[in-house]
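Per-entry structural report
As a plain string of letters, each chain reads:
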Amino acid sequence: RLDGEVEIDQEITFKGTVFHIDEFIETSFDVNWFNVFYEWDIINSDYGILGIRGGAEIFSVEAELISDFASADADAGAITPAVGAFAEFYITGSLAVEAKLDAFILNIGDVDFLFFDGKGGLRWDVTPNVGLGAGLHVLRMDLEVDEDRAEVTLVGPYVKGTIRF
């Protein structure tokens with residue numbers, strides 16, 4: 001969840017509500033996001049793994065803008081397919097450097113959607129089937145429907161748990 005306050009330097013129209021220049025607005029932005037993937041190993045050696053991924057990204061977004069003169073909110077959710085690639089390189093028997101890149105592009109009629117998800121970091125395998133990891137995550141979503149456009153870019157650290165079966 002991201003919350004903030006800003007004085008805007010350009011006119012913004014959000015859900016049909018106009019926020020004017022020099023207006024002070026409060027914003028909130030909440031993203032819930034999950035994914036489920038299956039990974040296929042193309043190359044699997046003692047040094048690492050290189051493969052492809054297929055799965056689904058599941059997310060919901062809520063946004064709200066409030067000023068002294070107006071307020072507007074919106075929410076959306078979707079389940080989108082995604083395909084990608086992954087690589088793991090073993091530093092030791094239980095420590096690996098890993099990277100994953102997934103994407104989905106949809107252009108149908110008045111809808112343009114781009115989803116990009118990239119991660120890179122370290123993973124420690126506690127057991128052969130359970131791992132813990134941390135790294136950097138970049139998430140980019142662009143959505144355009146008719147005249148409305150939303151762009152979201154999130155960059156930051158992540159921690160994770162991994163279960164293999």
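Residues numbered from 1 in each chain as written. Predicted model: local features only at pLDDT ≥ 70, side-chain atom pairs only at ≥ 80, totals over all residues. Heavy atoms only, no water.

1. Details of the confidence of the model for the chain
Residues of the chain with pLDDT of at least 70 account for 98%, and the chain-wide mean is 87. Mean pLDDT values for the elements of the chain range from 69 in strand S1 (residues 2-7) up to 92 in strand S7 (residues 95-108). (pLDDT = per-residue confidence, 0-100. Helix = DSSP H or I, 4+ residues; strand = E, 2+ residues; numbered from the N terminus.)

2. A word on a nonpolar patch on the surface
A contiguous nonpolar patch, built from Tyr-38, Trp-40, Ile-42, Ile-43, Leu-50 and Ile-52 and spanning about 630 Å² of accessible area, is present on the exposed surface. Elements supplying a minimum of two residues to the nonpolar patch: strand S4 (24-44) and strand S5 (48-67). In terms of residue count, S4 provides more of the nonpolar patch than any other element does, 4 residues in total. On the secondary structure map, Tyr-38 appears in strand S4. (Patch = residues over 30% accessible without salt bridge, like charges linked within 9 Å, V, L, I, M, F, W, Y side chains within 5 Å. Areas by Shrake-Rupley, 256 points an atom, 1.4 Å probe, with all protein chains shown as cover. Salt bridge = Lys/Arg side-chain N within 4 Å of Asp/Glu carboxyl O.)

3. Some thoughts on the pairing of S5
Pairing of S4 with S5 involves 19 bridges; the strand directions are antiparallel. Within S5, the position partnered with Trp-33 by the bridge is Phe-59. Hairpin geometry of S4 and S5 is characterised by an intervening segment of 3 residues between the two adjacent antiparallel strands. Sheet topology note: the S5/strand S6 (residues 71-90) ladder contains 19 bridges and is antiparallel. Looking at the pairing, Ile-58 lines up with Ile-79 of S6. Remark: 3 residues form the turn of the hairpin made by S5 and S6, two consecutive strands paired antiparallel. (Pairing = 2+ DSSP bridges.)

4. Some remarks on a negative patch on the surface
There is a patch of like negative charges on the surface, built from Glu-5, Glu-26, Glu-62, Glu-64, Asp-68, Asp-73 and Asp-75. Looking at the negative patch, the elements that each hand over two or more residues are S5 and S6. Inspection of the secondary structure assignment puts Asp-68 in the loop between S5 and S6. For Asp-68, a relative accessible area of 73% translates into the label exposed. (Lys, Arg positive; Asp, Glu negative; His and termini not counted. Charge placed at Lys NZ, Arg CZ, Asp CG, Glu CD. Buried < 20%, exposed > 50% of the residue type's maximum accessible area, 1.4 Å probe, protein only.)

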